[in-house]
Amino acid sequence: MLYTQAMLPDGTFSGKTVLITGGGTGLGKSMTRYFLQLGANVVIASRKIDVLKATADELSAETGGRVLPLQCDVRDYEQVENVLRQAFAEFGSIDVLINNAAGNFISPTERLSPRAFSAVIDIVLKGTIHFTLALGKHWIAQQQRGTILSIVTTYAWTGSAYVVPSACAKAGVLAMMRSLAVEWARYDIRCNAIAPGPFPTEGAWSRLMPDPIREKFEPANKIPVGRVGEHQELANLVAYLASDYAAFINGDCITIDGGEWLKGAGEFNNLDMVTPEMWDMLEMFTKGAK
Ligand code: HXC
Ligand code: NAP
């Protein structure tokens, strides 16, 4: 299948440095691998330094690329500035920021404490604000061009029950990307977002699709193309939007969900369960309604 294969030409990111928050696990790790394959230096930053180091060792051995693992809690602006300092010392500059770190879990909202709400908002929204602001200030002061890509979800615009802190935070991230796409274009800084549907990862599945839920609601059943996402197809989209091939794409949010959110939205979309025989019968009723 083509969508499981790498898409961009070798060397697309040669000489470039990409910073990926949450780059040690899940989708962030798949992005890290692909940017390395495309010739980038990659900085990965999150809380668990052991996990980051293991990923850095694994992926640099696999690709021959350079990965700098840095401990950072994105909720703390000083730690974010410290990551930038260390990245500049190692690689000289940063060309691409991927705001990928997130926290999330399913829960009825009335069960949440204020701390539970903040736990998610502070990682997703404030973490994105921190990295975007710190690196944006630097790029503007240095007159350096840059690209920012934030990973949101389709419920950034539909909202979603049972993940309300995440929905609020991702909506804020999307608003920030669209706002800065206009404000910072004059500094040659592009801002975009990607809204993935379900892509299996340990982090997301353990918190959002625990086994009792999955047994009842297999995610692929909600998706018109009949499957969940493959990591490489997301990595392809991330790398394309971060590259100069996408130089005219600014302020957009690209959905990659096999049609999932639209299926939930269309008034008659649930009629796909009607059989041809039933349609024959229904046609008699609808044609007769003169
Ligand atoms: C209710 C919960 C809870 C839960 C935590 N809390 N989990 N409340 N239900 N399942 C409450 C706690 O009781 C506490 O409040 C407060 O939240 C903070 O909890 P901590 O454990 O101290 O938080 P922290 O250590 O900061 O961890 C943050 C986290 C955790 C978000 C809670 O899950 C985490 O570290 N996640 C990182 C990775 C992640 O979530 N990946 C999934 C991304 S997937 P009190 O008041 O009791 O002190 C994703 C996909 C979206 O976003 C779309 C899919 C299609
Ligand atoms: P994941 O593996 O759990 O990734 C989340 C990452 O965020 C982890 O590496 C975690 O690392 C990091 N992180 C959490 N809190 C942090 C903090 N305070 N400071 C720094 N880093 C922190 O989950 P994933 O599925 O790959 O998710 C990646 C992105 O895709 C997220 O933005 C998510 O919302 C989005 N997304 C995923 C799906 C899906 O189906 N998987 C669908 C739509 C959108 P540490 O624990 O080391 O801090």
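As shown above, the structure is provided for reference.
Quantities reported herein were computed from a predicted structural model and do not represent experimental measurements.

Draft legend 1. Region of the structure containing the site of ligand 2. The environment of ligand 2 is formed by 27 residues, the closest being Thr25, Ser46, Arg47, Asn100 and Thr201. In the environment of ligand 2, an oxygen atom lies 2.7 Å from a nitrogen or oxygen atom belonging to the side chain of Thr25. If ligand 2 stood free it would expose 880 Å²; the protein chains cover 91% of that surface. Secondary-structure elements contributing two or more residues to the shell around ligand 2 are helix H1 (26-37) and helix H7 (202-208). Sort the elements by how many residues they give to the shell around ligand 2 and H7 lands first, with 3 residues. Of the residues contributing to the shell around ligand 2, the split by class is 13 nonpolar, 9 polar and 5 charged.

Draft legend 2. Local environment of the pattern of salt bridges. Summed over all chains, the structure comprises 12 salt bridges. Counted as one network, the salt bridges with shared partners bring together Lys29, Arg33, Glu58 and Glu62.

Draft legend 3. Quick peek at the site of ligand 1. Taken together, 16 residues form the shell around ligand 1, and within it Arg47, Asn104, Ser113, Arg115 and Arg207 come nearest. With respect to ligand 1, the side chain of Arg47 contributes an N or O atom lying 2.9 Å from an oxygen atom. Here Asn104 contributes a backbone N or O atom positioned 2.9 Å from an oxygen atom of ligand 1. Burial of ligand 1 by the surrounding chains reaches 62%, relative to a free accessible area of 1100 Å². Among the elements of the structure, helix H4 (114-142) and H7 are those that each provide at least two residues to the shell around ligand 1. The leading source of residues in the shell around ligand 1 is H7, at 4 residues. Classifying every residue of the shell around ligand 1 gives 7 nonpolar, 5 polar and 4 charged.

Draft legend 4. Quick peek at unusual backbone geometry. Of note in this structure, Gln143 is not a glycine but carries a positive phi near 55°. Looking at where Gln143 falls in the secondary structure, it is placed in the loop between H4 and strand S5 (146-151). Its relative accessible area of 76% is what places Gln143 among the exposed residues. One non-glycine residue, Tyr162, adopts positive backbone phi at about 70°. Note that Tyr162 resides in the loop between helix H5 (155-158) and helix H6 (164-183).

Cut-offs applied
Within each chain, residue numbers correspond to sequence positions counted from 1 in written order. To label them, take the chains in the order written and letter them from A, then take the ligands in the order written and number them from 1. Selection of residues for local features in this predicted model requires a pLDDT of at least 70, selection of side-chain atom pairs for listing and counting requires 80 or more, and totals for whole chains, interfaces and linings are taken over all residues. Hydrogens and water are ignored here; the side-chain numbers use all heavy atoms of the structure. To be near a molecule or strand, a residue needs just one of its heavy atoms within 4 Å of it. Whenever two N or O atoms come within 3.5 Å, that pair is a polar contact, provided that in protein one can donate a hydrogen and the other can accept it, and provided that, for residues adjacent in sequence, both atoms are side-chain atoms. Surface accessibility in these figures is a Shrake-Rupley result with a 1.4 Å probe; residues are shielded only by whichever protein chains are displayed. Think of it this way: any DSSP run of H or I at least four residues long counts as a helix, any run of E at least two long counts as a strand, and we number them from the N terminus. When residues are sorted by character, Ala, Val, Leu, Ile, Met, Phe, Trp, Tyr, Cys and Pro go into the nonpolar class, Asp, Glu, Lys and Arg into the charged class, and all the rest, Gly among them, into the polar class. What counts as a salt bridge is simple: a side-chain nitrogen of Lys or Arg found within 4 Å of a carboxyl oxygen of Asp or Glu. Partly exposed residues are those whose accessible area sits between 20% and 50% of the maximum for their type, while under 20% is buried and over 50% is exposed, using a 1.4 Å probe and protein chains only.

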